[in-house]
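Chains, contacts and geometry: an overview
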Amino acid sequence: MTEPRVAGPLEAEGAGVRRVRVPSPTLPPANDTNAWVLGDRDVIVVDPGSPWPATQASLAARLDGLRVVAVFLTHHHIDHASGALDLCARTRAPLWSHATTGERANLSLDRCIAPGEVLSTDAGDWTTVLTPGHADGHLCLHNGETGDVVAGDMVAGEGTILLAPPDADLAAYLTSLQRLRDLSPRRLLPAHGPALAPALPVLDEYIAHRHARTAQVLGCLSAGPLTALQIAREVYPDLPAHFLGFAAVQVQAHLDWLLHRAHVESVDSEHYAIPGA
């Protein structure tokens, strides 16, 4: 993106929930991050993720007339956190997130948010839910009255969720997906793409997909030792070559999960095999 675009309009997404699509340095096919605006007039803004001054200014303009009571980050990745300090400065709002997010993003937080805290707006309360796996310290927000979950990068309405070790962990991610499912949410509000409803089939599909992908990785190794990149070529046969590096990182998350359970072993610094095969 050579010329950063301006932020999109303030779009109503239900009672007390709006979003602004903010151009950000995220992974294709997505090219923006949803800044979720929770509340009617006294609002919490979630994940203002643009590092570009012109885009940051346009986001602040979309919020004109609202009182930003806090800027909240689900996690530390650049397409979520990079506009936080600018928006805090423009609105004089405090910055809130999990302590790990502040450390990873090198941000000084005004309030470290723990799991189970209730964040109040003038249009409802949101309870924080710890959901590591994509990123350490990842927090979602659950509105028990409406059944909405601000899901950060746990799911995506556009594109996919990249698990990139060592920051990501498949076992933790699967546990976090189940934790969200146990809330029986009605709707998921992801960081990229449109809202997802009904929520339970989406979460079930995400869990099933990860287990199916793990089975694929194991199946590839039945023919003999392979590297993560070689497995990625087999598992993602139609993927353009310039995306294979990302695919190999994703495969590595599954290999780490299998290694931990002794379903595979490392042959050398790059190759993996099924023990005894």
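Note: the structure precedes this text.
Here goes a summary of the coordinates provided. (Residues numbered from 1 in each chain as written. Predicted model: local features only at pLDDT ≥ 70, side-chain atom pairs only at ≥ 80, totals over all residues. Heavy atoms only, no water.)

Attention shifts here to the overall build of the chain. Regarding its fold elements, the chain presents eight helices and 15 strands. Taking 19 Å as the expected radius of gyration for a compact globule of 277 residues, we find that the chain reaches 19 Å, a close match to that expectation. Projected onto its principal axes, the C-alpha coordinates of the chain cover approximately 65 × 40 × 30 Å. The buried share of the chain, taken over its 277 residues, is 52%. Residue pairs at least 24 apart in sequence account for 57% of intrachain contacts in the chain once pairs closer than 6 positions are excluded. By element, 54% of the accessible surface of the chain is carried by carbon and sulfur atoms, the whole surface being about 11,900 Å². (Helix = DSSP H or I, 4+ residues; strand = E, 2+ residues; numbered from the N terminus. Rg over C-alpha atoms; globule rule 2.2 N^0.38 Å. Buried < 20%, exposed > 50% of the residue type's maximum accessible area, 1.4 Å probe, protein only. Contact = heavy atoms within 4.5 Å. Areas by Shrake-Rupley, 256 points an atom, 1.4 Å probe, with all protein chains shown as cover.)

On inspection of all chains with the given rule, the structure shows zero disulfides. With no disulfide of its own, Cys140 has Cys112 as its nearest cysteine by sulfur position, at a separation of 18 Å. By relative accessible area, Cys140 is classed as buried at 0%. (Disulfide = S-S within 2.5 Å.)

This paragraph deals with the pairing of strand β4 (residues 42-46). Side chains on a regular strand alternate between the two faces of the sheet. Of all the five residues making up β4, four are buried; the element is thus mostly covered by neighbouring parts of the structure. Examined bridge by bridge, strand β3 (residues 32-38) and β4 share three bridges and lie antiparallel to one another. Note that in β4 the partner of Val37 across the bridge is Val45. Hairpin connection from β3 to β4: three residues lie between these consecutive antiparallel strands, with Gly39 at a positive phi of about 120 degrees. (Pairing = 2+ DSSP bridges.)

Let's shift gears to the side chain of Gln250. Looking at the secondary structure, you find Gln250 in helix α8 (residues 244-260). Relative accessible area serves as the criterion here: at 6%, Gln250 is assigned to the buried category. Side-chain polar atoms of Gln250 contact the backbone nitrogen of Leu163, separated by 2.6 Å. Engagement of the side chain of Gln250 in a polar contact is seen with the side chain of Arg210, the distance being 3.4 Å. Leaving out residues up to four positions away in the same chain, Gln250 has contacts with Ile161, Leu162, Leu163, Arg210 and Tyr236. (Polar contact = N/O pair within 3.5 Å; in protein donor to acceptor, adjacent residues only side chain to side chain.)

On to the sheet that holds strand β6 (residues 95-97). Spatial ordering of the open sheet is given by β1-β2-β3-β4-β5-β6-β7, a layout of seven strands whose pairing is mixed. With one partner strand each, in any of the chains shown, β1 (11-12) and β7 (111-112) form the two edges of the open sheet. As paired strands, strand β5 (residues 67-72) and β6 are joined by two bridges and run parallel to one another. Opposite Val71, over in β6, you have Leu95 as the bridge partner.

What follows covers the pattern of salt bridges. One pass over the full model with this rule turns up twelve salt bridges. Between Arg67 and Asp42 there is a salt bridge, with the nearest N and O atoms lying 3.1 Å from each other. Taken together, the residues Arg67 in strand β5 and Asp42 in strand β4 connect sequence positions 25 residues apart. Judged by relative accessible area, which is 22%, Asp42 ranks as partly exposed. With its nearest N and O atoms 2.5 Å apart, the salt bridge here joins Arg181 to Asp204. (Salt bridge = Lys/Arg side-chain N within 4 Å of Asp/Glu carboxyl O.)

It is worth spelling out empty space enclosed by the protein at this point. Under the definition given, this model contains one cavity of 30 Å³ or more. Forming the boundary of the largest cavity are Val22, Pro48, Ser50, Thr55, Gln56, Leu59 and Gly83. If one sorts the elements of the lining of the largest cavity by residue count, helix α1 (residues 53-62) sits on top with three residues. Tallied by class, the residues present in the lining of the largest cavity amount to three nonpolar, four polar and no charged. (1 Å grid on protein atoms, 1.4 Å probe; cavity = no way out; pocket = protein on both sides within 12 Å on 5 of 7 lines; lining within 4 Å. Points joined across faces, edges and corners; volume = space filled by probe spheres on them. Nonpolar A, V, L, I, M, F, W, Y, C, P; charged D, E, K, R; others polar.)

Let's shift gears to the sheet that holds strand β15 (residues 271-273). Ordered by their spatial adjacency, three strands build an open sheet running β13-β15-β14, and the pairing between neighbours is antiparallel. Of all strands in the sheet, those with a lone pairing partner are β13 (226-227) and β14 (265-266), marking the two edges. Sheet topology note: the β14/β15 ladder contains two bridges and is antiparallel. Residue pairing across strands places Glu265 opposite Ala273, the latter belonging to β15.

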